[in-house]
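# Observations on chain architecture
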Amino acid sequence: MGEKEMSTYHRPIPNTWWLKRKPYILFMIRELTSVFVAGYCIFLLVLVYKLTQGANAYGNFMAALKSPSSVALHLITLAFVLYHTITWFNLTPKILVLYRGEDRVPQGLVAGTFYAGWVVVSVIVAWLVLGV
Amino acid sequence: MAKSNEPIWWSLFSAGGMVAAMVLPILIVITGILVPFGLAGDDPLNFERIHTAVSQNDSVELILFIVITLPLFHWAHRFRFTLVDVGLKSVSTLISILCYGGAITGTIVSIVVFWNI
């Protein structure tokens, strides 16, 4: 007998299923934030590479940061990466289910701790990188 | 239960996602807004200062290496499932190889770049 007769039926789902509802679109945007995350990491890698190529190569690269296209790309990337940060921290209470005695630690407190940590980390990074 | 590499990829996805969430926004603000518009003093990312910081300090180098490479695995794991979700399930093995392979390649390139600094 052919295997086809025995296999279960899968209802065909169109590849555009995620355009049907707003939560699906937001889910897809969240997933696509990873492209901008990786893109910025490659940018950082190029920056370090330019650092190995000497003061001129590095200087030219840093000067290009002032170009409108660089600023625009940074702003778009920032929007997507911020969406990653927000959705990521909002999911932490779902993964970190903490109890104090019998009571569950409120979800807002768990997520809030990560947001507070984010602010502290951001200040430290800015202080170290910019040296101000 | 069948043996699976899934926990490894998920751990890297998770660690990379946390690193990205914590440090990338401020870095983007620095390289995209503060530095180009001169809002953070006179050329704080000048060659001398950054080159010295990265080449003379192993911990700076290690942190920068982690910040660059871990999020690549976050991307690989997430993007892999995104492509499957939009209908590329029939080539899911190829997608896995390309995504995780891409992250591994990025890590190897990073090792070479950091080695030469």
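Now for a look at the structure at hand.

Our next topic: the packing of helix α2 (residues 22–52) of chain A against helix α4 (residues 92–115) of chain B. Running from N to C, α2(A) and α4(B) point in directions that differ by 25°, and their axes come no closer than 9 Å. It follows from the interaxial angle that α2(A) and α4(B) lie roughly parallel. Crossing hand, α2(A) versus α4(B): left-handed. Of the residues in α4(B), those in contact with A:L45, A:V48, A:Y49 and A:T52 of α2(A) are B:G106, B:V109, B:S110, B:V113 and B:F114. Across the contact of α2(A) with α4(B), the residue classes break down as six nonpolar, three polar and no charged.

A separate point is the environment of B:H74. Within the fold, B:H74 resides in helix α3 (residues 58–88). Residue B:H74 is classed as buried on the basis of its relative accessible area, which comes to 0%. Placed 56 residues apart in sequence, B:H74 and B:M18 show a C-alpha to C-alpha distance of 9.0 Å. Excluding residues within four positions of it along the chain, B:H74 makes contact with A:S34, A:V37, A:H84, A:W88, B:L12, B:F13, B:G16 and B:G17.

About the thresholds
Residues numbered from 1 in each chain as written. Chains lettered and ligands numbered in written order. Predicted model: local features only at pLDDT ≥ 70, side-chain atom pairs only at ≥ 80, totals over all residues. Heavy atoms only, no water. Axes fitted to C-alpha atoms, helices over the stretch in contact; angles between N-to-C directions. Helix = DSSP H or I, 4+ residues; strand = E, 2+ residues; numbered from the N terminus. Parallel < 35°, antiparallel > 145°, perpendicular 65-115°, else oblique. Left-handed = near helix turned anticlockwise from the far one by under 90°. Contact = heavy atoms within 4.5 Å. Nonpolar A, V, L, I, M, F, W, Y, C, P; charged D, E, K, R; others polar. Buried < 20%, exposed > 50% of the residue type's maximum accessible area, 1.4 Å probe, protein only.

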